[in-house]
Each structure stands twice: as structure tokens, then as C-alpha cells.
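# Coordinates in review
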Amino acid sequence: MSNPTSTVESATALEDDRARLAAVVQSMPAGLVIVDADGRVQMANEEALRILGGDGAIPGEREGYAAGGRRYAHDELPLARTLRTGAAIANERIQLVTPEGKTVVIDVFTSPVQASNGRTIGALALFQDVTAQERRQRAERDFVTNAAHELQSPLAAIVSAIEVLQAGAKDSDQRDVFLGHIERESDRLARLVRALLILARAQTDVEAPRDEVVAVEAILSETASRLPVGPRVQVEVECPPDLALVTNRELLEQTVTNLAENAAKHTDEGRIVLAAAEEDGTVEITVSDTGSGIAAAEQARVFDRFYRGPVGTEAGFGLGLAIVAAATDALAGDVALESSVGRGTVVRLRLPRAASLTGR
């Protein structure tokens, strides 16, 4: 005959063990999901719910992508593969879209849960949120691409001027002209390097851009004065002379330059207008042109890296506007584009912390 006291003590000890195990699982710094043989979620800890949203499941219908960008089929997600094959999967990086539409990147380890007879009765997934890490790594890769793209133009101009001087122009009346080219492009190169380094540090969360009071009209006028346009294009600046921004000068200069150069590239005749105005503490800088314009179907993608639409995109690598978007984000602003094919484009850059050079 069993001892009632011993039975109660055993049950209490078992409940204590379960409580301790539950506490450990819930306090884990990694997400944990356990499913049954049919893929139904039996348990998901708090970290899993935080990372994945919803009920913490990683079902086949959830949108998921492999590291190379390939979308997973219904039965290809790690947990589904483990249920199907009974094999463990170690350290697979995947990108998932949560039910709320948020994209997360996770490193996943899965393992089958087996009964005493060896039959697979479920599976578990252990994963960590590496979204921030992936973002930093992507920013570092993008910096190399951005630098190569942006630096090639002033470098090419400097090399070309030196070649002309070496070919004999150094002894002619044109010498000072080409020396002036080298000086201007060298200065541009130095500003580009500073802007790219500031952008890289901001994107990788190493250091926020350092701010100062910047005269907006001066930035627009300097950009307009060196803008390469054809003889049938007029460049205008419309900006109150006392308008200023508390922002990072190099990033602002690079952003405005990229927008203006993009406008010049697509405008053969008419006007390019660089304008700015203040409203409720925000400065809106607009770059408008009467160029070829952008089709409605393309407008949502123009700020994507490497995207080049079919109209007038023979030159460049599709990075100019992508850099604008990244720099604007680093400056805590936003950028929007309006365009019509054959009529031109307007890009609006809105930045916080307007100021005045007169102190009003």
C-alpha cells in the first residue's frame, strides 16, 4: 500500500521542477518554440513571441527568405524540414516577415523531439534575433559600394586633368585652367570622403553625425554653381538668405549634391530649381526639374540600391538616390518624390531643427 504522504511530496516536487523549468525557459535570452508532429505550437517562450510576433510559430505559410534572398517554399523552413526528415539543423540564418509586417533576421537551430521508441513526435526551434547585427553588416558592405561609386567621378576628373598637363598643357595658357580643375575636384574628393565616413559611422551606430548651424542658401548656391548642365538648362536657387539648419554639413551637402546631379543627368532643357523654406521648425528642401520624369511604376523603387529605370540610365550604378535615402535617415529626416513622364521630377527633403542666421 502506497504512502499518501510520499505521493503528495512526489507530486509537489514534480510541480516545483516544472515551475523551475518554466521559469528557465521563459527567462532564456533566445527564442524557443516547440511544436508537435503536425507542426502545431505547443509552447513558445516570451523571447520567441517578442521576435516572431503572433503566437511565436514559424509555419510554412509565413513569408521567409534564405540568406541569398531566395524565398522558402511551404516545407523548406528549418522547423518544417526537421519535422519531415527528423534531422537537426544548426545555425541557419533566415529572414522572416512577422504577422505585423515587420522583417526580422534570425539564426535558427532546430532539433527533433523523439519518443522512447525513436519516433519523431515533434520538434523544437531555438533562435536568436540578429536583425541589428545583420543591419550593421549590410551597412558596412554598402559603405564600400557607396565609396567606390561616389569617389570615381572626382578621381576621374583629377586623372584626366593631370594627363592633359603631362601631354603639354603645363607649358600653355591652359595650365591654370587644369590646375583649377584639380583643385576643385580634390576639394570635392575630400568632402566626399568625410561625408561617406560620417554616413558609415551613423549607419553602423558607431557615432551620431555631429551637428552645427548650416546656412541653407549657401549650400544650395554652391551646389548650383558647380552643377554640370547643358546650355539649354537654367539653374535657379530660391531660399531665404537667413534660413539655417542644425544638422551635419557634410551629409547635407552630399544629399543636396546627389539630388541636383540626378536632376541634371535627366534634364536636357528647361529649369532645375533648388529651393528651401521653413515651416513649423522643419526645413523643406526641394530639387525640381523639367526633365524626362519617372514613370509611376518606377517611383517606389528609385531609392533602392542599384535600381536604374529604363529612361536615361545609361550612366551610373543606381546608387545616387539610395545614398540620399541613407543620409536622410541618418539626419532624422524624410524624403519623397513626385514625378511625371515628360514633365519632370520634384524631390522633397524634410529635415528637423530649422534655425535662423539672424537669431530670430
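Please refer to the structure placed before this passage.
Below is a summary of the structure that appears in this document.

When its secondary structure is counted, the protein chain shows 9 helices and 14 strands. Within the protein chain, the fraction of its 360 residues that count as buried is 40%. Accessible area of the protein chain: about 19600 Å², with a carbon and sulfur share of 52%.

In terms of nonpolar packing, the biggest core is built from 34 residues, with Val216, Leu220, Leu252, Ile272, Leu274, Ala276 and Ile285 touching the most fellow members. Of all the secondary structure elements, the ones that give two or more residues to this core are helix H6 (216-225), strand S9 (243-247), helix H7 (249-265), strand S10 (270-279), strand S11 (282-289), helix H9 (320-330) and strand S13 (344-352). Looking at this core, the element that brings in the most residues is H7, giving 7 residues. Counting residues in each nonpolar core, the second largest holds 18 residues, with Tyr72, Val104, Val108 and Ala125 among its members.

Each pair of packed helices can be summarised by the angle the axes make with each other and by the distance between the axes. Look at H7 against H9: their axes get within 9 Å of each other, and the N-to-C directions meet at 150°. Of the possible angle classes, the one that applies to H7 and H9 is roughly antiparallel. As H7 packs across H9, the resulting crossing turns out to be left-handed. From H7, Leu251, Thr255, Asn258, Leu259 and Asn262 reach across to H9, where they touch Gly320, Leu321, Ile323, Val324, Ala327, Thr328 and Ala330.

What follows concerns the pairing of S9. With respect to burial, S9 is a largely interior element, 4 of its 5 residues being buried. Bridging between strand S7 (residues 212-215) and S9 involves 4 bridges; their strand directions are antiparallel. Its bridge partner lying in S9, valine 213 is registered against valine 246. Judged from the 3 bridges that link them, S9 and strand S14 (residues 354-356) form a sheet pairing that is antiparallel. Paired with leucine 243 across the two strands is serine 356, which belongs to S14.

All right, on to the side chain of aspartate 36 then. Secondary-structure assignment places aspartate 36 in strand S1 (residues 31-36). A polar contact is formed between the side chain of aspartate 36 and the backbone nitrogen of aspartate 38, at a distance of 2.9 Å. Engagement of the side chain of aspartate 36 in a polar contact is seen with the side chain of glutamine 42, the distance being 3.2 Å. Those residues in contact with aspartate 36, other than ones at most four positions away along the chain, are Gln42, Leu83, Ile121 and Gly122.

To continue, consider the side chain of aspartate 107. Structurally, aspartate 107 is set in strand S5 (residues 103-114). Judged by its relative accessible area of 17%, aspartate 107 falls in the buried class. At a separation of 2.8 Å, a polar atom in the side chain of aspartate 107 contacts the side chain of arginine 93. For aspartate 107, the contacting residues outside a window of four places in its chain are Asn91, Glu92, Arg93, Leu126, Phe127, Gln128 and Val130.

Next up on the list: the pattern of salt bridges. In total, this model carries 15 salt bridges according to the counting rule given. Arginine 50 is the salt-bridge partner of glutamate 47, the closest N and O atoms lying 2.8 Å from each other. With a gap of 3 residues between them, glutamate 47 and arginine 50 both fall in helix H2 (residues 46-52), about one helical turn apart. Look at arginine 50 and you get partly exposed, because its relative accessible area is 47%. For glutamate 236, the salt bridge is made with arginine 271, and the minimal N-O distance between the two is 2.7 Å. Here the residue glutamate 236 occupies a position in strand S8 (residues 233-238), and arginine 271 occupies one in strand S10, the gap between them amounting to 35 residues. Judged by its relative accessible area of 39%, arginine 271 is partly exposed. Taken together, the salt bridges that share partners define one network made up of Glu284, Glu338, Arg348 and Arg350.

The rules we used
Residues numbered from 1 in each chain as written. Predicted model: local features only at pLDDT ≥ 70, side-chain atom pairs only at ≥ 80, totals over all residues. Heavy atoms only, no water. Helix = DSSP H or I, 4+ residues; strand = E, 2+ residues; numbered from the N terminus. Buried < 20%, exposed > 50% of the residue type's maximum accessible area, 1.4 Å probe, protein only. Areas by Shrake-Rupley, 256 points an atom, 1.4 Å probe, with all protein chains shown as cover. Core = buried A, V, L, I, M, F, W, Y, C linked by side-chain atoms within 4.5 Å. Axes fitted to C-alpha atoms, helices over the stretch in contact; angles between N-to-C directions. Parallel < 35°, antiparallel > 145°, perpendicular 65-115°, else oblique. Left-handed = near helix turned anticlockwise from the far one by under 90°. Contact = heavy atoms within 4.5 Å. Pairing = 2+ DSSP bridges. Polar contact = N/O pair within 3.5 Å; in protein donor to acceptor, adjacent residues only side chain to side chain. Salt bridge = Lys/Arg side-chain N within 4 Å of Asp/Glu carboxyl O.

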